[in-house]
Amino acid sequence: MRNRHGRKFKCAGRWTAARQAILDVFLNRGGHLTADDVFMEVKKRAPGVGLATVYRNLDFLSREGLVSRFQFSDGRAHYELNDDEREHHHHLICKSCGNVSDYSEFIHRELKLMKDLEKELSKKHDFNIDSHELHFYGVCGDCRE
Ligand SMILES: [Zn+2]
Ligand SMILES: [Zn+2]
Ligand SMILES: [Zn+2]
């Protein structure tokens, strides 16, 4: 199975049509999708696929590391494609409207902080850190108006 960049996904288990349809949704739409979002899109491409199948496959894809699963504060899981070619980004999550913004234009202090933090934590806990996820919660500009 290849994504649009021709990168090969390594994946255990059988590659089903439902799984492909779900992955296509992420490749075409991008962003952070809930299981419901994915289901609505998959229905257009593969009408036979039910919501339970979507849930099962999203679990599978996140276990396999093809998608990341985030539990945001609205209590619903959001999924995002793990694409090596995509820039590393952090999240700003609005607790009022649930909007999730990605940003990858890090401020200088942030870059330095994360680097120093990873270094010190690695040492302190004897743990080789190779990635992190960072979510900030708050209220967006639109919701404050
Ligand atoms: Zn980061
Ligand atoms: Zn908002
Ligand atoms: Zn994101």
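Quick summary incoming for the structure in this document. Only a predicted model underlies this, so the values are computations on that prediction, with no experimental measurement involved. (Residues numbered from 1 in each chain as written. Chains lettered and ligands numbered in written order. Predicted model: local features only at pLDDT ≥ 70, side-chain atom pairs only at ≥ 80, totals over all residues.)

### Here we look at the overall build of the protein chain
Move 1: In terms of regular secondary structure, the protein chain is built from five helices and six strands.
Move 2: Listing each helix as α and each strand as β along the protein chain from the N terminus yields α-β-α-α-β-β-β-β-α-β-α.
Move 3: Residue burial in the protein chain is summarised as follows: out of 145 residues, 16% are buried.
Move 4: Sequence-distant contacts, at least 24 apart, represent 46% of the contacts inside the protein chain between residues at least 6 apart. (Helix = DSSP H or I, 4+ residues; strand = E, 2+ residues; numbered from the N terminus. Buried ≥ 20, exposed ≤ 12 C-beta atoms within 10 Å, placed from the backbone. Contact = placed C-beta atoms within 7 Å.)

### Quick notes on the nonpolar core
Move 1: By size, the foremost hydrophobic cluster in this structure holds 16 residues, and its most contacted members are Ile22, Val25, Val38, Val42, Val54, Leu58 and Val67.
Move 2: Broken down by secondary-structure element, the contributors of at least two residues to this core are helix H1 (17-29), helix H2 (35-45) and helix H3 (51-63).
Move 3: For this core, the leading source of residues is H1, giving five residues. (Core = buried A, V, L, I, M, F, W, Y, C linked by C-beta atoms within 7 Å.)

### Description of the packing of H1 against H2
Move 1: Direction vectors running N to C along H1 and H2 enclose 110°, while the axes themselves pass 9 Å from each other. Here H1 lies roughly perpendicular to H2, going by the angle between them. The element H1 and its partner H2 pack so that their crossing is right-handed. Residues Ala21, Ile22, Asp24, Val25 and Arg29 of H1 form the contact with H2, whose own contacting residues are Val38, Glu41, Val42 and Arg45.
Move 2: Across the contact of H1 with H2, the residue classes break down as five nonpolar, no polar and four charged. (Axes fitted to C-alpha atoms, helices over the stretch in contact; angles between N-to-C directions. Parallel < 35°, antiparallel > 145°, perpendicular 65-115°, else oblique. Left-handed = near helix turned anticlockwise from the far one by under 90°. Nonpolar A, V, L, I, M, F, W, Y, C, P; charged D, E, K, R; others polar.)

### Details of the sheet that holds strand E5 (residues 100-103)
Move 1: Judged by pairing direction, the sheet is mixed, and its three strands sit side by side in the order E5-E4-E6 without closing on themselves. Of all the strands in the sheet, just E5 and strand E6 (135-138) have a single pairing partner and so form its edges. Strand-to-strand twist of the sheet, defined as the mean angle between neighbouring strand axes without regard to direction, takes the value 20°.
Move 2: Both strand E4 (residues 90-94) and E6 contribute to a ladder of four bridges, which runs parallel. The residue of E6 that forms the bridge with Leu92 is Phe136. (Pairing = 2+ DSSP bridges.)

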